[in-house]
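Inside the fold
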Amino acid sequence: MVTKGRLKMALAAEKGTDFKKLNQKKKAKEAAKKKAAKEVVEEKPTESDEEEEVEEEVEDVEDEEDEEMGNGVNLDAIDDSDTSESSIEMEKRLPRKPKKDQKTQAVEAKPNADDDEDDEEEEDEEEDDIPMSDLEDLSDAEKEDLIPHTRLTINNTSALLTSLKRIAIPSDNSVPFATHQTITSTTLASEAIPDVSDDLQRELGFYTQSLEAVRQARTKLRAEKVPFSRPKDYFAEMLKEDAHMEKIKAKLVEEASNKKAAAEARKQRDLKKFGKQVQVAKLQERQKAKRETLEKIKTLKRKRQETGGAGLGTNEADLFDVGIDNELAKYDSRSGSGRGNMGGRNGGGNQKRQKKDEKYGFGGKKRHAKSGDAVSSSDLSGFNPKAMKAKGKVGKSRPGKGRRKAMSSR
Amino acid sequence: MAAVYKSLSKKDSKKSATTDDNGIKKNKQRVLVLSSRGVTFRHRHLLNDLASMLPHGRKDAKFDSKSKLYELNSLCELFNCNNCLFFEARKGQDLYLHCSSVPNGPTIKFHVQNLHTMEELHFTGNCLKGSRPILSFDAAFDKQPHLQVIRAQFQRIFGVPQGARKSKPFIDHVMSFSVVDGKIWVRNYQINEEEASKLKPAEADADADADATKDTDLSLIEIGPRFVLTPIYISEGSFGGPLIFSNKSFVTPNQVRSDMRRLKATKHNGRSEQTRERLSKKGDLGLRSNIGHERQPDEADTKMLFA
């Protein structure tokens, strides 16, 4: 195949320079290292010395560059015969493109010897900084005088601009907007977002930036008559397929229902809390009412006892002839005739004793208390002959025999 | 061989195809999207999300090596791609992103943080697969040269070229890149157009165009994914070459982790130091029974005297 041949040729062509360059590079590296070490030991080397060395190196570089250019032309010639079928125009490889072996080393940010003029700047910058790894064999006293840089500062503006020129897609006014569709906003996002950790504000900043961009883009695209909005009847494969959207929908529904349920539960909880309060209040009220009525009754009772003990009580006793009974009992010769009113003792002032005696009894025979004896049988106080008679006769006497006969014959 | 002949015969016509009528060079980009071995599922999902947004992209199998990245150049050439988006996972947790323009560079290496894939974000936005996005850049991208390079690279990679093979004719999403806190925040929104409310006829009158009559309210709905990129370095070549920019303020995740561990260790060290001090002080005061160390027998000891 053609390509294989090309590859072989290219490899052969490249190999020639490779060894030379490797040697060169090694030398340059060693020189740089030596210099670095020297610098540290001497602490402040004279300016002229350093400059001389730099110049030497630059010369080396340029020499080598010339060789490379020679080879580069060769490569170009090979590239022209390229016949690969491609829709993408691959850029032509630049002749000074670093070779495979160096690529890995180049990443380590060591001073490189194989660069154009604009890398001189960078080299100068790097001359000021020495990697910490080179200084490990220094004594502590010397180390103290050093100002450590944590990281090599590299910001090679000119090289950045050249590579920018190489890859930039034209996006100024000379080309139609539709070719690039890029909008750079006029406001700094970092100004719009003072605090990055504030999620809401940050996202709002991004949102406003893109919304502004969309507004501008739409006017520009419409001016160029480029279709912008999708018609309703245009269906095509979407970025998120239906299953994914279904999932999102389910998630949304679930979230909404969860929210609703949570709200409901909270409401219920509040109600419950409130209901409990109501219940407790009601119970308390009921108890209060009960206590009040009880109190009322008590006071009433007390009042009655205090006031009616003299007035009402005697009246009642009069009504029921209690006084007579008392009199009778007083003169009763028998001591155990009645429990409660023991003979001779009940006149005492100790009311409590009296009550207790009344309740439990005191002294005397307890047996035959209810049996009759001579006194009780002779006692006719409960006998009222009038009451015996009065009950039957109610005024309507039975007529005599003649009358009754006369009435029946009629 | 037929292919070779075809291309040879077509050589002249191809030259004219790349240029437009106006003599403007046509923007043709192809992106190879691939990852290294050892990516986690989230990294893989992010890659899939991005790849699905790039109709001019080509997804490839995981790349085996982490040291010989220059091999990616030949891989890109093989797949006829002039850009490469390479996700490199380290330690099964840190994700780095290499954006490269293939034959001649530059290569930008980013550290990817805060990544949330489309699937886990549950955003309701959606857009046509392969529609061309509007790329919205922050004003900061105009200010510094390294950010300009980054913008140019993003334009090549994330901007779908006009007339790309699987691209759709309408524009319904916007990708935004903002520089905040020294990092690049990437968001992706759907452009949602709604009928303009009838309360704003004055605005419609202002635009005399016929299009203005059917002007609609614009709003955005996020689609996802979300991620934050911290630029680490820019090298001049593609996957190699001298560094032309390196971010001084970038702290490697390893460093962060080790610092955290050290912080924890210092806490423990301080505490253990304190206990040791306390014990020795107690020992000096004779408040400890000699568990730790035996007392040295000295000459005036009773045992020595009366042995």
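Since the model is a prediction, treat every value here as computed from it, not as a measurement.

Before going further, it helps to examine the overall build of chain B. In terms of helices and strands, chain B carries nine helices and eleven strands. Residue burial in chain B is summarised as follows: out of 307 residues, 51% are buried. Long-range contacts, defined as pairs at least 24 residues apart, comprise 67% of the intrachain contacts of chain B with a sequence gap of at least 6. On chain B, roughly 15,800 Å² of surface is accessible, and the fraction owed to carbon and sulfur atoms is 51%.

Summing up its helical and strand segments, chain A has 15 helices and two strands in all. Looking at chain A as a whole, 22% of its 410 residues qualify as buried. Restricting the contact set of chain A to residue pairs at least 6 apart, pairs at least 24 apart contribute 62%. About 31,200 Å² of surface is accessible on chain A, with carbon and sulfur atoms providing 54% of the total.

To continue, consider a nonpolar patch on the surface. A cluster of nonpolar side chains, L380(A), F383(A) and M388(A), forms an exposed patch at the surface whose accessible area comes to about 370 Å². By the secondary structure assignment, L380(A) is in the loop between α13 (374-378) and α14 (385-390).

Residue and element names in this part refer to chain B. In terms of burial, strand β3 (residues 83-90) is largely enclosed, as seven of its eight residues are buried. Sheet analysis places strand β1 (residues 31-35) next to β3, joined by five bridges and oriented parallel. Pairing of S35 across the sheet is with F87, part of β3. Sheet topology places β3 next to strand β4 (residues 94-101); eight bridges connect them, and they run antiparallel. Counted as the bridge partner of R90 is D94 from β4. In this structure, the hairpin formed by β3 and β4 is closed by a connection of three residues, where K91 is found at a positive phi of approximately 55 degrees.

To continue, consider the pairing of β1(B). All names here are of chain B. With respect to burial, β1 is a largely interior element, five of its five residues being buried. Residues V31, V33 and S35 point to one face of β1 and L32 and L34 to the other, with burial holding for every one of them. Looking at chain direction, β1 and strand β2 (residues 57-59) are connected through three bridges and run parallel. Paired with L32 across the strands is R58, a residue of β2. For the crossover that starts at β1, traverses helix α2 (residues 41-53) and ends in the parallel β2, the hand is right-handed.

Next up on the list: a positive patch on the surface. Taken together, the side chains of R398(A), K401(A), R404(A) and K405(A) make up a positively charged region of the molecular surface. As for its position among the elements, R404(A) is in helix α15 (residues 401-409).

One finds L85(B), F154(B), F158(B), F177(B) and I184(B) to be the most contacted residues of the largest nonpolar core, which totals 48 residues. Counting 23 residues, the second largest nonpolar core, distinct from the first, contains F206(A), V214(A), V180(B) and I191(B).

Our focus in this paragraph is helix α5 (residues 145-158) of chain B. Helix length check: α5(B) (14 residues) gives 20 Å between terminal C-alpha atoms against 20 Å at 1.5 Å per residue, within 8%. The buried fraction of α5(B) amounts to 14 of the 14 residues, a majority that puts the element mostly inside the structure.

Next up on the list: the pattern of salt bridges. What the rule picks out here adds up to 18 salt bridges over all chains. The residue E203(A) makes a salt bridge to R202(A) at a minimum N-O spacing of 3.4 Å. The two residues E203(A) and R202(A) agree in class, both being buried. Measuring nitrogen to oxygen at the nearest pair gives 3.9 Å for the salt bridge that ties D181(B) to K183(B). With a relative accessible area of 51%, D181(B) lands in the exposed category. Judged by its relative accessible area of 22%, K183(B) falls in the partly exposed class. Each of D199(A), R202(A), E203(A), R187(B), E222(B) and R226(B) takes part in salt bridges that share partners, so that together they form one network.

Right, let's talk about the side chain of R187(B) for a bit. Mapping R187(B) onto the fold places it in strand β8 (residues 183-195). According to the relative accessible area criterion, R187(B) is buried, its value standing at 3%. Reaching out from R187(B), the side chain makes a polar contact with the side chain of E203(A) at a distance of 2.7 Å. When residues no more than four places from it in sequence are discounted, the contact partners of R187(B) are R202(A), E203(A), F206(A), V174(B), M175(B), S176(B), E222(B), P225(B), R226(B) and F227(B).

All right, on to unusual backbone geometry then. All names here are of chain B. A cis amide bond, omega 5 degrees, links G105 with the succeeding residue P106. Considering the arrangement of structural elements, one finds P106 in the loop between β4 and β5 (107-116). In the segment running from G224 into P225, the intervening peptide bond is cis, with an omega of -10 degrees. Looking at the secondary structure, you find P225 in the loop between β9 (216-222) and β10 (226-237). Here N80, not a glycine, exhibits a phi torsion of approximately 65 degrees, which is positive. By the element assignment, N80 lies in the loop between α3 (71-78) and β3. A relative accessible area of 16% means that N80 is categorised as buried. Phi at D181 takes a positive value of approximately 65 degrees, unusual for a residue other than glycine. Along the polypeptide, D181 turns up in the loop between β7 (173-180) and β8.

The description of two packed helices rests on the angle between their axes and on the distance between the axes. Where helix α6 (residues 157-167) of chain A meets α5(B), the axes come as close as 9 Å, and the angle between the chain directions of the two elements is 20 degrees. Of the possible angle classes, the one that applies to α6(A) and α5(B) is roughly parallel. In this structure, the crossing between α6(A) and α5(B) has a hand that is left-handed. Note on element contacts: α5(B) touches α6(A) through P145(B), H146(B), Q148(B), V149(B), A152(B), Q153(B) and R156(B), opposite T157(A), L160(A), L161(A), S163(A), L164(A) and I167(A). Classifying every residue of the contact of α6(A) with α5(B) gives seven nonpolar, five polar and one charged.

Residues and elements named next belong to chain B. Turning to its location among the elements, F141 is positioned in the loop between β6 (134-137) and α5. A relative accessible area of 0% means that F141 is categorised as buried. For the pair F141 and F177, spaced 36 residues apart in the sequence, the C-alpha separation amounts to 9.0 Å. Setting aside residues up to four positions removed in sequence, F141 forms contacts with L147, Q148, I150, R151, F177, S178, V179 and I184.

Buried residues of α6(A): A159(A), L160(A), S163(A), L164(A) and I167(A), and no others. Taken down its axis, α6(A) places every buried residue within 140 degrees of arc, on the same side.

A few words now on the packing of aromatic side chains. Two measures describe an aromatic ring pair: the distance that separates the ring centres and the angle between the ring planes. Residue and element names in this part refer to chain B. Applying the stated criterion to the full structure yields eleven aromatic pairs over all chains. Through a chain of ring-to-ring contacts, three or more aromatic side chains come together here, namely F110, F137, F141, F154, F158 and F177. Over the ring of Y96 we find K109, and its NZ or CZ is 4.6 Å from the ring centre.

Turning to the environment of E194(B), a few remarks are in order. All names here are of chain B. With respect to the secondary-structure elements, E194 resides in strand β8. What makes E194 partly exposed here is its relative accessible area of 44%. Setting aside anything within four residues of it in sequence, one finds E194 in contact with T216 and D217. Among the polar contacts listed, one links the side chain of E194 to the side chain of N192, at a separation of 3.2 Å.

Definitions and limits used
- Residues numbered from 1 in each chain as written.
- Chains lettered and ligands numbered in written order.
- Predicted model: local features only at pLDDT ≥ 70, side-chain atom pairs only at ≥ 80, totals over all residues.
- Heavy atoms only, no water.
- Helix = DSSP H or I, 4+ residues; strand = E, 2+ residues; numbered from the N terminus.
- Buried < 20%, exposed > 50% of the residue type's maximum accessible area, 1.4 Å probe, protein only.
- Contact = heavy atoms within 4.5 Å.
- Areas by Shrake-Rupley, 256 points an atom, 1.4 Å probe, with all protein chains shown as cover.
- Patch = residues over 30% accessible without salt bridge, like charges linked within 9 Å, V, L, I, M, F, W, Y side chains within 5 Å.
- Salt bridge = Lys/Arg side-chain N within 4 Å of Asp/Glu carboxyl O.
- Pairing = 2+ DSSP bridges.
- Right-handed = clockwise from strand over helix to strand, strands pointing away.
- Lys, Arg positive; Asp, Glu negative; His and termini not counted.
- Charge placed at Lys NZ, Arg CZ, Asp CG, Glu CD.
- Core = buried A, V, L, I, M, F, W, Y, C linked by side-chain atoms within 4.5 Å.
- Expected span 1.5 Å × (residues − 1).
- Polar contact = N/O pair within 3.5 Å; in protein donor to acceptor, adjacent residues only side chain to side chain.
- Axes fitted to C-alpha atoms, helices over the stretch in contact; angles between N-to-C directions.
- Parallel < 35°, antiparallel > 145°, perpendicular 65-115°, else oblique.
- Left-handed = near helix turned anticlockwise from the far one by under 90°.
- Nonpolar A, V, L, I, M, F, W, Y, C, P; charged D, E, K, R; others polar.
- Arc of directions from axis to C-beta.
- Phe/Tyr/Trp six-rings, centres within 6.5 Å; stacked < 30°, edge-to-face > 60°.
- Lys NZ or Arg CZ within 6 Å of the ring centre and 35° of its normal.

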